[in-house]
Amino acid sequence: MKLRELVSNYRKDISIAVSLVIIENLAWIAEPTLFGKVIDAVIDKATSVEKISILLPVIFWASAFVINSGVGSLRRIVDPKIYQKIFIDLSYNVSKKSIKKNLNLSKTTIRAELTQQYITFLQFRLPEIIENTIAIAGAVAAMYLIDWRISITSLCIIFPLYFIGRIYNKKVSIHQKVYHDSYEDMVDVFSKKDPDYVRDFYTALADPQIKIAKWGAVNFAFLRIALLAIFLVVLYIAIDLDDFSAGELYTIVAYLWTFVTATEYLPELMENWTSLKDISSRLKQQDM
(Lines give C-alpha, C1' and ligand atoms only; values in the text may rest on other atoms or scores of the structure.)
Protein backbone atom coordinates (compact mmCIF):
# COMPACT_ATOMS: atom_id res chain seq x y z
CA MET A 1 0.00 0.00 0.00
CA LYS A 2 1.21 3.48 -0.88
CA LEU A 3 0.71 6.52 1.31
CA ARG A 4 -1.52 8.03 -1.37
CA GLU A 5 -3.84 5.00 -1.21
CA LEU A 6 -3.95 5.16 2.57
CA VAL A 7 -4.87 8.84 2.54
CA SER A 8 -7.54 8.17 -0.08
CA ASN A 9 -9.09 5.34 1.96
CA TYR A 10 -9.28 7.47 5.10
CA ARG A 11 -9.57 10.90 3.48
CA LYS A 12 -12.49 12.08 5.65
CA ASP A 13 -10.77 11.38 8.98
CA ILE A 14 -7.37 12.61 7.78
CA SER A 15 -8.96 15.78 6.33
CA ILE A 16 -10.35 16.64 9.76
CA ALA A 17 -6.93 16.19 11.37
CA VAL A 18 -5.14 18.19 8.65
CA SER A 19 -7.70 21.03 8.83
CA LEU A 20 -7.04 21.43 12.54
CA VAL A 21 -3.29 21.58 11.86
CA ILE A 22 -3.75 24.30 9.23
CA ILE A 23 -6.00 26.45 11.42
CA GLU A 24 -3.66 26.10 14.40
CA ASN A 25 -0.59 27.12 12.41
CA LEU A 26 -2.20 29.95 10.45
CA ALA A 27 -3.12 31.54 13.79
CA TRP A 28 0.41 30.91 15.05
CA ILE A 29 2.17 32.47 12.04
CA ALA A 30 0.04 35.60 12.39
CA GLU A 31 1.10 36.18 16.00
CA PRO A 32 4.48 37.93 15.41
CA THR A 33 2.88 40.53 13.12
CA LEU A 34 0.05 41.14 15.55
CA PHE A 35 2.34 41.31 18.57
CA GLY A 36 4.63 43.72 16.69
CA LYS A 37 1.58 45.99 16.33
CA VAL A 38 1.04 45.73 20.09
CA ILE A 39 4.66 46.79 20.76
CA ASP A 40 4.35 49.82 18.46
CA ALA A 41 1.02 50.79 20.04
CA VAL A 42 2.50 50.60 23.55
CA ILE A 43 5.51 52.76 22.51
CA ASP A 44 3.25 55.27 20.71
CA LYS A 45 1.02 55.51 23.77
CA ALA A 46 4.04 56.15 26.01
CA THR A 47 5.69 58.75 23.76
CA SER A 48 2.79 60.53 22.09
CA VAL A 49 0.86 63.41 23.60
CA GLU A 50 -2.26 62.17 21.84
CA LYS A 51 -4.60 59.69 23.47
CA ILE A 52 -3.85 56.32 21.86
CA SER A 53 -5.67 53.07 22.66
CA ILE A 54 -3.82 49.76 22.60
CA LEU A 55 -7.00 47.73 23.11
CA LEU A 56 -7.61 46.78 19.47
CA PRO A 57 -4.05 45.50 18.75
CA VAL A 58 -4.15 43.50 21.98
CA ILE A 59 -7.53 41.97 21.06
CA PHE A 60 -6.26 40.89 17.63
CA TRP A 61 -3.10 39.35 19.07
CA ALA A 62 -4.93 37.65 21.95
CA SER A 63 -7.53 36.23 19.51
CA ALA A 64 -4.79 34.63 17.39
CA PHE A 65 -3.19 33.23 20.54
CA VAL A 66 -6.49 31.75 21.79
CA ILE A 67 -7.27 30.19 18.38
CA ASN A 68 -3.78 28.66 18.17
CA SER A 69 -3.95 27.27 21.71
CA GLY A 70 -7.57 26.10 21.56
CA VAL A 71 -7.34 24.34 18.19
CA GLY A 72 -3.96 22.88 19.19
CA SER A 73 -5.50 21.36 22.32
CA LEU A 74 -8.44 19.96 20.36
CA ARG A 75 -6.11 18.42 17.76
CA ARG A 76 -4.17 16.55 20.46
CA ILE A 77 -7.43 14.91 21.55
CA VAL A 78 -8.74 14.09 18.07
CA ASP A 79 -5.51 12.79 16.47
CA PRO A 80 -5.03 9.62 18.58
CA LYS A 81 -8.62 8.53 17.96
CA ILE A 82 -8.22 8.90 14.20
CA TYR A 83 -4.78 7.38 13.74
CA GLN A 84 -5.02 4.47 16.16
CA LYS A 85 -8.12 3.29 14.30
CA ILE A 86 -6.15 3.42 11.03
CA PHE A 87 -3.24 1.51 12.61
CA ILE A 88 -5.55 -1.29 13.76
CA ASP A 89 -6.95 -1.62 10.23
CA LEU A 90 -3.46 -1.63 8.69
CA SER A 91 -2.15 -4.29 11.07
CA TYR A 92 -5.16 -6.47 10.34
CA ASN A 93 -4.71 -6.16 6.56
CA VAL A 94 -0.97 -6.91 6.72
CA SER A 95 -1.63 -9.99 8.84
CA LYS A 96 -4.39 -11.20 6.51
CA LYS A 97 -2.28 -10.80 3.37
CA SER A 98 0.79 -12.37 4.98
CA ILE A 99 -1.17 -15.47 5.93
CA LYS A 100 -2.57 -15.66 2.41
CA LYS A 101 0.98 -15.37 0.95
CA ASN A 102 2.29 -17.84 3.52
CA LEU A 103 5.09 -15.49 4.64
CA ASN A 104 7.20 -16.52 7.63
CA LEU A 105 6.35 -15.31 11.13
CA SER A 106 9.26 -12.87 11.35
CA LYS A 107 8.36 -10.92 8.22
CA THR A 108 4.64 -10.92 9.08
CA THR A 109 5.25 -9.59 12.59
CA ILE A 110 7.77 -6.95 11.60
CA ARG A 111 5.80 -5.69 8.61
CA ALA A 112 2.74 -5.29 10.80
CA GLU A 113 4.91 -3.33 13.22
CA LEU A 114 6.48 -1.25 10.43
CA THR A 115 3.02 -0.02 9.45
CA GLN A 116 3.25 2.03 12.65
CA GLN A 117 5.57 4.30 10.66
CA TYR A 118 2.61 5.21 8.46
CA ILE A 119 0.74 6.32 11.56
CA THR A 120 3.78 8.14 12.94
CA PHE A 121 4.15 9.95 9.63
CA LEU A 122 0.48 10.94 9.41
CA GLN A 123 0.04 11.83 13.07
CA PHE A 124 3.35 13.61 13.67
CA ARG A 125 5.39 14.13 10.50
CA LEU A 126 2.55 15.33 8.24
CA PRO A 127 1.53 18.04 10.77
CA GLU A 128 5.20 19.01 11.03
CA ILE A 129 5.46 19.28 7.23
CA ILE A 130 2.35 21.47 7.15
CA GLU A 131 3.61 23.49 10.11
CA ASN A 132 7.01 24.10 8.53
CA THR A 133 5.49 24.88 5.13
CA ILE A 134 3.20 27.48 6.67
CA ALA A 135 6.08 28.79 8.78
CA ILE A 136 8.43 29.20 5.82
CA ALA A 137 5.82 30.58 3.39
CA GLY A 138 4.24 32.78 6.06
CA ALA A 139 7.58 34.15 7.23
CA VAL A 140 8.70 34.96 3.68
CA ALA A 141 5.35 36.63 2.88
CA ALA A 142 5.35 38.64 6.12
CA MET A 143 8.94 39.81 5.59
CA TYR A 144 8.09 40.74 1.98
CA LEU A 145 5.41 43.13 3.27
CA ILE A 146 8.04 44.79 5.46
CA ASP A 147 10.95 44.79 2.98
CA TRP A 148 11.07 42.79 -0.24
CA ARG A 149 14.88 42.47 -0.04
CA ILE A 150 14.62 40.51 3.19
CA SER A 151 12.11 38.13 1.64
CA ILE A 152 14.19 37.52 -1.50
CA THR A 153 17.33 36.93 0.58
CA SER A 154 15.51 34.31 2.66
CA LEU A 155 14.32 32.51 -0.46
CA CYS A 156 17.94 31.96 -1.49
CA ILE A 157 17.95 28.97 0.89
CA ILE A 158 16.11 27.03 -1.84
CA PHE A 159 19.31 26.50 -3.83
CA PRO A 160 21.43 24.82 -1.11
CA LEU A 161 18.37 22.88 0.04
CA TYR A 162 17.84 21.42 -3.43
CA PHE A 163 21.52 20.59 -3.88
CA ILE A 164 22.11 18.82 -0.57
CA GLY A 165 18.61 17.30 -0.59
CA ARG A 166 19.23 15.29 -3.75
CA ILE A 167 22.49 13.87 -2.43
CA TYR A 168 21.01 13.18 1.00
CA ASN A 169 17.95 11.31 -0.30
CA LYS A 170 20.05 9.13 -2.60
CA LYS A 171 22.48 8.09 0.14
CA VAL A 172 19.93 7.65 2.92
CA SER A 173 17.55 5.53 0.81
CA ILE A 174 20.33 2.94 0.36
CA HIS A 175 20.96 2.69 4.11
CA GLN A 176 17.23 2.64 4.91
CA LYS A 177 16.80 -0.40 2.67
CA VAL A 178 19.70 -2.22 4.38
CA TYR A 179 18.22 -1.40 7.78
CA HIS A 180 14.73 -2.66 6.93
CA ASP A 181 16.13 -5.82 5.29
CA SER A 182 17.83 -6.71 8.56
CA TYR A 183 14.95 -5.52 10.74
CA GLU A 184 12.53 -7.96 9.11
CA ASP A 185 14.62 -10.88 10.47
CA MET A 186 14.32 -9.79 14.10
CA VAL A 187 11.83 -12.43 15.24
CA ASP A 188 13.89 -15.21 13.64
CA VAL A 189 16.98 -13.91 15.43
CA PHE A 190 15.36 -14.10 18.85
CA SER A 191 13.89 -17.53 18.10
CA LYS A 192 17.44 -18.92 18.01
CA LYS A 193 17.78 -18.17 21.75
CA ASP A 194 21.42 -17.25 21.35
CA PRO A 195 22.50 -14.00 23.10
CA ASP A 196 25.68 -13.72 21.04
CA TYR A 197 23.66 -14.01 17.83
CA VAL A 198 21.31 -11.30 19.09
CA ARG A 199 24.26 -9.02 19.89
CA ASP A 200 25.73 -9.54 16.43
CA PHE A 201 22.34 -8.83 14.90
CA TYR A 202 21.96 -5.49 16.68
CA THR A 203 25.58 -4.59 15.93
CA ALA A 204 24.90 -5.07 12.25
CA LEU A 205 21.54 -3.27 12.55
CA ALA A 206 23.27 -0.24 14.05
CA ASP A 207 25.63 0.20 11.09
CA PRO A 208 23.12 1.65 8.57
CA GLN A 209 21.64 3.83 11.33
CA ILE A 210 25.07 5.28 12.10
CA LYS A 211 25.65 5.97 8.40
CA ILE A 212 22.26 7.70 8.14
CA ALA A 213 23.14 9.80 11.20
CA LYS A 214 26.44 10.85 9.60
CA TRP A 215 24.71 11.99 6.43
CA GLY A 216 22.15 13.79 8.59
CA ALA A 217 24.99 15.61 10.37
CA VAL A 218 26.56 16.67 7.05
CA ASN A 219 23.18 17.86 5.79
CA PHE A 220 22.50 19.78 9.00
CA ALA A 221 25.93 21.46 9.05
CA PHE A 222 25.71 22.50 5.38
CA LEU A 223 22.23 23.92 5.94
CA ARG A 224 23.26 25.84 9.07
CA ILE A 225 26.14 27.51 7.24
CA ALA A 226 23.78 28.62 4.47
CA LEU A 227 21.28 29.89 7.04
CA LEU A 228 23.98 31.84 8.88
CA ALA A 229 24.91 33.69 5.69
CA ILE A 230 21.26 34.50 5.02
CA PHE A 231 20.70 35.57 8.62
CA LEU A 232 23.61 38.02 8.51
CA VAL A 233 22.47 39.59 5.22
CA VAL A 234 18.91 40.02 6.55
CA LEU A 235 20.18 41.63 9.77
CA TYR A 236 22.31 44.02 7.71
CA ILE A 237 19.28 45.04 5.65
CA ALA A 238 17.09 45.39 8.73
CA ILE A 239 19.54 47.37 10.84
CA ASP A 240 21.67 49.42 8.43
CA LEU A 241 19.51 50.00 5.36
CA ASP A 242 16.05 50.65 6.81
CA ASP A 243 14.55 52.71 9.60
CA PHE A 244 12.18 50.24 11.23
CA SER A 245 10.06 50.75 14.31
CA ALA A 246 10.63 48.59 17.40
CA GLY A 247 7.58 46.50 16.55
CA GLU A 248 8.77 45.94 12.98
CA LEU A 249 12.23 44.89 14.20
CA TYR A 250 10.62 42.41 16.58
CA THR A 251 8.46 41.08 13.74
CA ILE A 252 11.45 40.68 11.42
CA VAL A 253 13.53 38.84 14.01
CA ALA A 254 10.58 36.62 15.02
CA TYR A 255 9.81 35.64 11.43
CA LEU A 256 13.48 35.20 10.59
CA TRP A 257 13.93 32.86 13.53
CA THR A 258 10.75 31.01 12.54
CA PHE A 259 12.13 30.65 9.02
CA VAL A 260 15.49 29.34 10.28
CA THR A 261 13.92 26.87 12.72
CA ALA A 262 11.47 25.51 10.15
CA THR A 263 14.13 25.13 7.46
CA GLU A 264 16.71 23.33 9.61
CA TYR A 265 14.11 20.70 10.54
CA LEU A 266 13.65 19.63 6.91
CA PRO A 267 16.46 17.00 6.86
CA GLU A 268 14.76 14.95 9.57
CA LEU A 269 11.47 15.07 7.68
CA MET A 270 13.26 13.96 4.53
CA GLU A 271 14.73 10.99 6.38
CA ASN A 272 11.28 9.92 7.60
CA TRP A 273 9.88 10.28 4.10
CA THR A 274 12.67 8.12 2.64
CA SER A 275 12.03 5.43 5.26
CA LEU A 276 8.31 5.45 4.51
CA LYS A 277 8.91 5.02 0.77
CA ASP A 278 10.98 1.89 1.42
CA ILE A 279 8.27 0.45 3.68
CA SER A 280 5.67 1.20 1.01
CA SER A 281 7.66 -0.75 -1.57
CA ARG A 282 7.83 -3.76 0.77
CA LEU A 283 4.11 -3.76 1.42
CA LYS A 284 3.45 -3.33 -2.30
CA GLN A 285 5.52 -6.46 -3.02
CA GLN A 286 3.43 -8.27 -0.44
CA ASP A 287 0.25 -7.23 -2.23
CA MET A 288 1.46 -8.59 -5.58
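Rules used in this analysis
Residues numbered from 1 in each chain as written. Predicted model: local features only at pLDDT ≥ 70, side-chain atom pairs only at ≥ 80, totals over all residues. Heavy atoms only, no water. pLDDT = per-residue confidence, 0-100. Helix = DSSP H or I, 4+ residues; strand = E, 2+ residues; numbered from the N terminus. Salt bridge = Lys/Arg side-chain N within 4 Å of Asp/Glu carboxyl O. Buried < 20%, exposed > 50% of the residue type's maximum accessible area, 1.4 Å probe, protein only. Phe/Tyr/Trp six-rings, centres within 6.5 Å; stacked < 30°, edge-to-face > 60°. Core = buried A, V, L, I, M, F, W, Y, C linked by side-chain atoms within 4.5 Å. Axes fitted to C-alpha atoms, helices over the stretch in contact; angles between N-to-C directions. Left-handed = near helix turned anticlockwise from the far one by under 90°. Contact = heavy atoms within 4.5 Å. Nonpolar A, V, L, I, M, F, W, Y, C, P; charged D, E, K, R; others polar. Expected span 1.5 Å × (residues − 1). 1 Å grid on protein atoms, 1.4 Å probe; cavity = no way out; pocket = protein on both sides within 12 Å on 5 of 7 lines; lining within 4 Å. Points joined across faces, edges and corners; volume = space filled by probe spheres on them.

Digging into the confidence of the model for the protein chain
Part 1 of the reasoning: For the protein chain, per-residue confidence averages 81 on the pLDDT scale, and residues scoring 70 or more make up 91% of the total.
Part 2 of the reasoning: When mean pLDDT is taken per element in the protein chain, helix α2 (residues 11-47) scores highest with 90 and helix α4 (residues 105-114) scores lowest with 67.

Examining the pattern of salt bridges
Part 1 of the reasoning: This structure, assessed with the given rule, holds eight salt bridges.
Part 2 of the reasoning: We note a salt bridge from R75 to E24, for which the minimum N-O separation is 2.8 Å. Taken together, the positions of R75 in helix α3 (residues 55-101) and E24 in helix α2 put the pair 51 residues apart, joining distant regions of the chain. Neither residue differs from the other here; R75 and E24 are each classed as buried.
Part 3 of the reasoning: Salt bridges linked by common partners bring E24, R75, R76 and D79 together as one network.

With respect to the packing of aromatic side chains
Part 1 of the reasoning: Applying the stated criterion across every chain, the model contains four aromatic pairs.
Part 2 of the reasoning: Ring centres of F35 and Y250 lie 5.4 Å apart, and the angle between their planes is 65°; on these two criteria the pair is classed as edge-to-face. Of this pair, F35 sits in helix α2 while Y250 sits in helix α10 (residues 246-264), and the two are 215 residues apart along the sequence.
Part 3 of the reasoning: Assessed through its relative accessible area of 34%, Y250 is described here as partly exposed.
Part 4 of the reasoning: Measuring from ring centre to ring centre gives 5.2 Å for F201 and Y202, while their planes differ by 75°; the resulting arrangement is edge-to-face.
Part 5 of the reasoning: The class of F201 is buried, set by a relative accessible area of 10%.
Part 6 of the reasoning: For Y202, a relative accessible area of 37% puts it in the partly exposed group.

A few points about the nonpolar core
Among soluble globular proteins, nonpolar side chains are generally buried collectively.
Part 1 of the reasoning: Grouped together as the largest cluster of nonpolar side chains are 43 residues, with contacts concentrated most on L6, I14, Y83, I86, I150 and I157.
Part 2 of the reasoning: Broken down by secondary-structure element, the contributors of at least two residues to this core are α2, α3, α5 (116-146), α9 (195-241), α10 and α11 (266-287).
Part 3 of the reasoning: By residue number, the principal contributor to this core is α5, which donates 12 residues.
Part 4 of the reasoning: In terms of nonpolar packing, the next biggest core, distinct from the first, is built from seven residues, Y179, Y183, V189 and F201 among them.

Some words on the packing of α2 against α5
Part 1 of the reasoning: Remark: α2 packs on α5, axes separated minimally by 9 Å, with the N-to-C direction vectors making an angle of 35°. In this structure, the crossing between α2 and α5 has a hand that is right-handed. Facing α2, whose interface residues are I14, V18, V21, I22, N25, L26, W28, I29 and T33, α5 presents L122, L126, P127, I130, E131, I134, A135, G138, A139 and A142.
Part 2 of the reasoning: Here the residues of the contact of α2 with α5 sort into 15 nonpolar, three polar and one charged.

Brief notes about helix α7 (residues 158-183)
Part 1 of the reasoning: With 26 residues, α7 should cover 38 Å at 1.5 Å per step; its first-to-last C-alpha distance of 35 Å lies within 8% of that length.
Part 2 of the reasoning: Every buried residue of α7 is accounted for by P160, L161, I164, G165, Y168, V172, H175, Q176, Y179, H180 and Y183.

Topic: the layout of surface pockets
Part 1 of the reasoning: As a volume, the largest pocket reaches approximately 210 Å³.
Part 2 of the reasoning: Lining of the largest pocket is provided by Q117, Q176, Y179, H180, Q209, I212, A213, E271, N272 and S275.
Part 3 of the reasoning: Across the lining of the largest pocket, the residue classes tally to three nonpolar, six polar and one charged.
Part 4 of the reasoning: For the lining of the second largest pocket, the secondary-structure elements that each account for two or more residues are α2, α5 and α10.

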